[in-house]
Structure formats: C-alpha cells, structure tokens
Amino acid sequence: MSHKVTLIPGDGIGPEVTKATVRILEATGVKFEWESFQVGAEAFEKYGEYIPKEAIESIERTHVGLKGPVSTPIGGGFSSINVALRQKFELYANFRPIRNLPHIPTRYPDVDLIIVRENTESLYSGLEHEVVPGVVESLKIITEKASTRIAKFAFEYARKNQRKKIHAIHKANIMKLSDGLFLRCCRTVAKGFPEITYGEHIVDNTCMQLVMNPYQYDMLVMENLYGDIISDLCAAFVGGLGFVPSANLGDHCAIFEAVHGSAPDIAGKNLANPTALLRSSLLMLRHLGEFDASTQIRNALEKVYRHREKLTKDVGGEAGTSQFADAVIEEMDKAKSATAAVH
Ligand code: NAI
C-alpha cells in the first residue's frame, strides 16, 4: 500500500530540508505518492495565487500534508500561508512534543513536555482595523466551541498516551471574559478525565516556572498566541527551533511541519539542519499507522547525534544537509543488516 501525501517544500531552506526528509522517509521502504506544490510568493508569481487551488484540492484528497517553511512578509504583504492553511482545513490542534536528542547541549536533560496550542482563533483571526489614524484595533476571538475542542484533544491525548498532568495556561486575571471562557471550557472537559491532574497557571508566571523547572509540567494547553510564544520558549530546552517537530491536526486533515522558518540567511547552501522536519515526519508516519518506520528513523537519527560525526553546522558539525540525510539512511541500513543477520 502506498500513502498519498501532499508535499509543500516551501521556500528558503524548505526545499533542502524537504528533499532530505523525503529521501529518509523513502529509505524506510514505506511507499509514498507525493503530490508536490509551491505556495507563497513563488506560487503567486507563477499562478497568481499564494496557495494554488490545486494544492488545496490535493490536501482535500490526501488528508495529509508535509510542509517546509514558507516566508511571510512582516508588517505588510500577503497574510501567513500557515495561518491560512490552518484555518482552511480547521487544523485546530497544534501539537508540539518537546524531547531532547542525545548530545545536544541544553540546560536541562530528559525534558519530555507536550504543548497543545489552539490553532484557529485568538489574535490570529486576522481581524484588525484602523479605528482612526494612529489607533489600531486587533480582535481576540475566543469561542466555547474551539476552546472545548482543544481541551478535549489534550485530555484525550493524555488518556491515550498515559500522560499524568495538564495545565491550562491563561491570562484570565486581565482578560476575564475571553480567557475566562477558555478556562471554563477546560475545567468542564477536565471533569470527564478524573485520572489526569488538572491545573491552571497564568501565562507570564508559566514562562518563569518553565525556565526555573520544566519538569514540573507534563502537558500544557493554551490559546493561539500564548502557544506560539511558549512553544518557542520550550524549543530552547532541546536545543532550539531546529529540533522541534509539530503537527497541525484537524478532524479530517493533518499537516506536519517544522516550527523554524525559511532561514533565508543560509538558504541554498546545503547548510540547513533537516532534523525538525524529519521529526515532524515521524509524527506523520505515526499518524499514517507506520509505527515501525517511525521507530527505524528515530533510532537512526539518535545514533547520528550520538556519534557526532555527521552533524550540521548549527550544532557544531561540518556535514551539509544532504550528508546528514546520507548518515541517517546509512544508520537505518546498518540496523536492517544487523536484524537480517540475526534472523
Ligand atoms: P528562521 O527560523 O527562519 O531563522 C532563525 C535563525 O535560525 C536563522 O539564523 C536561521 O539560519 C536559523 N535556522 C532556522 N532553521 C534552521 C535549520 N533548519 N537549520 C539551521 N539553522 C536554522 O526565523 P526568521 O528568520 O524569523 O524567519 C524567516 C522567515 O521564515 C520569515 O519570512 C518568517 O515569516 C518565516 N517563518 C515561517 C514559518 C513556517 O513556515 N512554519 C515559521 C517561522 C517563520
């Protein structure tokens, strides 16, 4: 059986990290049919659309996307492609596991945290307008439906995966109505999961608590903006944005992507570290039910980091993106030969 997947290589370092990831995925023996599309500025130049309708139709058909980073202009220009895709396909849950890799120097070893971020509303609804010259209003939207849905996602995941504790992160002391509603929804959902300890922390305190002692948390659930900021803070626990995977999950579709950007400073130089997209693709493999392939790659990746011979420049190595991918594939081949020899 082969899996149809919509591939969005993105721009900047996107095509390089995507190519490396696709090569490693294919080396597992799992069969894929990739439907590849450009989005963003390059797509607009060619097709007059930032997200070509063929790409949208492809995701509607395959239900699964693997996406590289896409540049978004700051303070003007077109709106974020990422936000548009999340809204279009109602990818309401942004799921980011934060786990260390061997030999990446960090302040804390053995971090195992899960961030669940509501992905469709809050200040990311894009509802902004100039009230009068010099005064701009940006609307924060929080609904009972989306808050309940994300809380359920977090608790159901916790139950299925034997996680023990969930904290809802908020600022309901100031935003009494909006964050107050979010908290009420979390509390209601929590009642249906008595085996999971439920707590609430204010977002600014959470930042300090995380930096002081990340082990006090297990899973965090929060609205969009807090999730965006806190998940990047947590990326620092495992070496930075180059190591953190993410999944954008809805009821019908899922898009897997690295959390780093298009890194225009190193694009096209074979310098990018593909680890974050590769780890995102492991979440995709598990989503597709390909658990063995996911384990195969994870073990090989950990070996490459443990041996430290073929690491990319951002982590002190000298290998390029493609040599790093070769090294992961080589480790997978070695593991396969070792298993074959035993049998
Ligand atoms: P960035 O993540 O692209 O780069 C920040 C720094 O990290 C740079 O020095 C870069 O070289 C380095 N870096 C990032 N990924 C790396 C990797 N895989 N390997 C080695 N080094 C890596 O963030 P920045 O500069 O703020 O954003 C650049 C563009 O990316 C912007 O247009 C932004 O909108 C877009 N972006 C897209 C995202 C997405 O599509 N999911 C997410 C974040 C930003």
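Residues numbered from 1 in each chain as written. Predicted model: local features only at pLDDT ≥ 70, side-chain atom pairs only at ≥ 80, totals over all residues. Heavy atoms only, no water.

Comments concerning the overall build of the protein
Part 1 of the reasoning: Within the protein, the regular secondary structure consists of 11 helices and 12 strands.
Part 2 of the reasoning: Its C-alpha atoms give the protein a radius of gyration of 20 Å, near enough to 20 Å, the size a compact globule of 343 residues would have.
Part 3 of the reasoning: C-alpha atoms of the protein, sized along the principal axes, occupy 65 × 50 × 40 Å.
Part 4 of the reasoning: Expressed as a percentage of the 343 residues in the protein, the buried residues total 52%.
Part 5 of the reasoning: Sequence separation of at least 24 residues holds for 73% of the intrachain contacts in the protein that already meet a minimum separation of 6.
Part 6 of the reasoning: Within the structure as shown, the protein displays about 16000 Å² of accessible surface, and the carbon and sulfur contribution to it stands at 55%.
Part 7 of the reasoning: Charged side chains in the protein number 39 positive and 42 negative. The centres of these two groups are separated by 5 Å. (Helix = DSSP H or I, 4+ residues; strand = E, 2+ residues; numbered from the N terminus. Rg over C-alpha atoms; globule rule 2.2 N^0.38 Å. Buried < 20%, exposed > 50% of the residue type's maximum accessible area, 1.4 Å probe, protein only. Contact = heavy atoms within 4.5 Å. Areas by Shrake-Rupley, 256 points an atom, 1.4 Å probe, with all protein chains shown as cover. Lys, Arg positive; Asp, Glu negative; His and termini not counted. Charge placed at Lys NZ, Arg CZ, Asp CG, Glu CD.)

Notes on unusual backbone geometry
Part 1 of the reasoning: Residue H103 is not a glycine yet carries a positive backbone phi of 65 degrees.
Part 2 of the reasoning: Counting through the fold element by element, H103 comes out in the loop between strand 4 (93–99) and strand 5 (112–118).

A word on the side chain of S294
Part 1 of the reasoning: Mapped onto the secondary structure, S294 falls in helix 10 (residues 291–307).
Part 2 of the reasoning: Here S294 falls in the buried class, since its relative accessible area comes to 4%.
Part 3 of the reasoning: Among residues more than four places away in sequence, those in contact with S294 are L282, L285 and R286.

Considering the pattern of salt bridges
Part 1 of the reasoning: Using the criterion set out here, one finds 19 salt bridges in the structure.
Part 2 of the reasoning: The residue E90 makes a salt bridge to R149 at a minimum N-O spacing of 2.6 Å. You can see E90 sitting in the loop between helix 4 (81–88) and strand 4 and its partner R149 sitting in helix 5 (residues 144–160), a full 59 residues away along the chain.
Part 3 of the reasoning: Using a relative accessible area of 38% as the deciding quantity, one classes E90 as partly exposed.
Part 4 of the reasoning: Among the salt bridges present, the one from R163 reaches D112, with a minimum N-O distance of 3.2 Å. (Salt bridge = Lys/Arg side-chain N within 4 Å of Asp/Glu carboxyl O.)

Description of the domain arrangement of the protein
Part 1 of the reasoning: Parsing the protein into structural domains produces domain 1 (1–103 + 239–343) and domain 2 (107–237).
Part 2 of the reasoning: Here the C-alpha centre of domain 2 lies 25 Å away from the C-alpha centre of domain 1.
Part 3 of the reasoning: Counting from both sides, the interface comprises 20 residues of domain 1 and, opposite them, 27 residues of domain 2.
Part 4 of the reasoning: For the pair domain 1 and domain 2, the two sides together bury roughly 2000 Å², of which 50% comes from carbon and sulfur.
Part 5 of the reasoning: On the domain 1 side of the interface with domain 2, the three residues burying the most area are Y92, R96 and I98, jointly 34% of the side's total.
Part 6 of the reasoning: The tally of links between domain 1 and domain 2 comes to 3 salt bridges.
Part 7 of the reasoning: For the pair domain 1 and domain 2, the number of links is 18 residue pairs in polar contact (both at pLDDT 80 or more).
Part 8 of the reasoning: Contributions of two or more residues to the side of domain 1 that touches domain 2 are made by helix 4, strand 4 and strand 11 (245–249).
Part 9 of the reasoning: Among the elements that make up the side of domain 1 that touches domain 2, the one with the highest residue count is strand 4 (7 residues). (Domains from an automatic or database assignment. Buried area = accessible area lost by both parts, 1.4 Å probe. Polar contact = N/O pair within 3.5 Å; in protein donor to acceptor, adjacent residues only side chain to side chain.)

Re the sheet that holds strand 5
Part 1 of the reasoning: Across the sheet, 10 strands lie side by side as 2-1-3-12-11-4-5-10-8-9; this open sheet has mixed pairing. Two strands close off the open sheet at either side, each with one partner strand: strand 2 (31–36) and strand 9 (197–202). Sheet twist, expressed as the average angle between the axes of neighbouring strands with direction ignored, equals 25 degrees.
Part 2 of the reasoning: Two strands pair when backbone bridges link them, and strand 5 and strand 10 (residues 219–222) are joined in this way by 4 bridges, in the parallel orientation. Bridging across to strand 10, I114 finds its partner in M219.
Part 3 of the reasoning: This element, helix 3 (residues 53–62), spans strand 1 (2–8), strand 2, strand 3 (64–67) and strand 12 (254–258) of the sheet and lies at about 150 degrees to strand 1.
Part 4 of the reasoning: Sheet contacts for helix 9 (residues 275–287): strand 1, strand 2, strand 3, strand 4, strand 11 and strand 12; angle to strand 12, the most-contacted strand, approximately 160 degrees. (Pairing = 2+ DSSP bridges. Axes fitted to C-alpha atoms, helices over the stretch in contact; angles between N-to-C directions.)

Overview of the site of the ligand
Part 1 of the reasoning: Taken together, 20 residues are adjacent to the ligand, and V70, G261, A263, D265 and N273 come closest.
Part 2 of the reasoning: One nitrogen or oxygen atom from the main chain of A263 is found 2.7 Å from an oxygen atom belonging to the ligand.
Part 3 of the reasoning: Summarising the interface, the protein chains cover 66% of the accessible area of the ligand, which totals 810 Å² for the free molecule.
Part 4 of the reasoning: By residue class, the composition of the shell around the ligand is 9 nonpolar, 7 polar and 4 charged. (Near = heavy atom within 4 Å. Nonpolar A, V, L, I, M, F, W, Y, C, P; charged D, E, K, R; others polar.)

Looking at the packing of aromatic side chains
Part 1 of the reasoning: Overall, the coordinates contain 10 aromatic pairs when judged by the stated rule.
Part 2 of the reasoning: Relative to Y215, the ring of Y108 has its centre 5.8 Å away and its plane inclined at 85 degrees; by these criteria the two rings are edge-to-face. Residue Y108 is found in the loop between strand 4 and strand 5, and its partner Y215 is found in the loop between helix 7 (203–212) and strand 10; the two are separated by 107 residues along the sequence.
Part 3 of the reasoning: A relative accessible area of 16% places Y108 in the buried class.
Part 4 of the reasoning: Taking relative accessible area as the criterion, Y215 reaches 43% and is therefore assigned partly exposed.
Part 5 of the reasoning: Arranged with centres 6.1 Å apart and planes meeting at 45 degrees, the rings of F155 and Y198 form a pair that is tilted. Of this pair, F155 sits in helix 5 while Y198 sits in strand 9, placing them 43 residues apart in sequence.
Part 6 of the reasoning: Looking at F155, the relative accessible area reads 0%, which means it is buried.
Part 7 of the reasoning: Every member of this aromatic cluster is reached through a ring pair, and the members are F95, F153 and Y157. (Phe/Tyr/Trp six-rings, centres within 6.5 Å; stacked < 30°, edge-to-face > 60°.)

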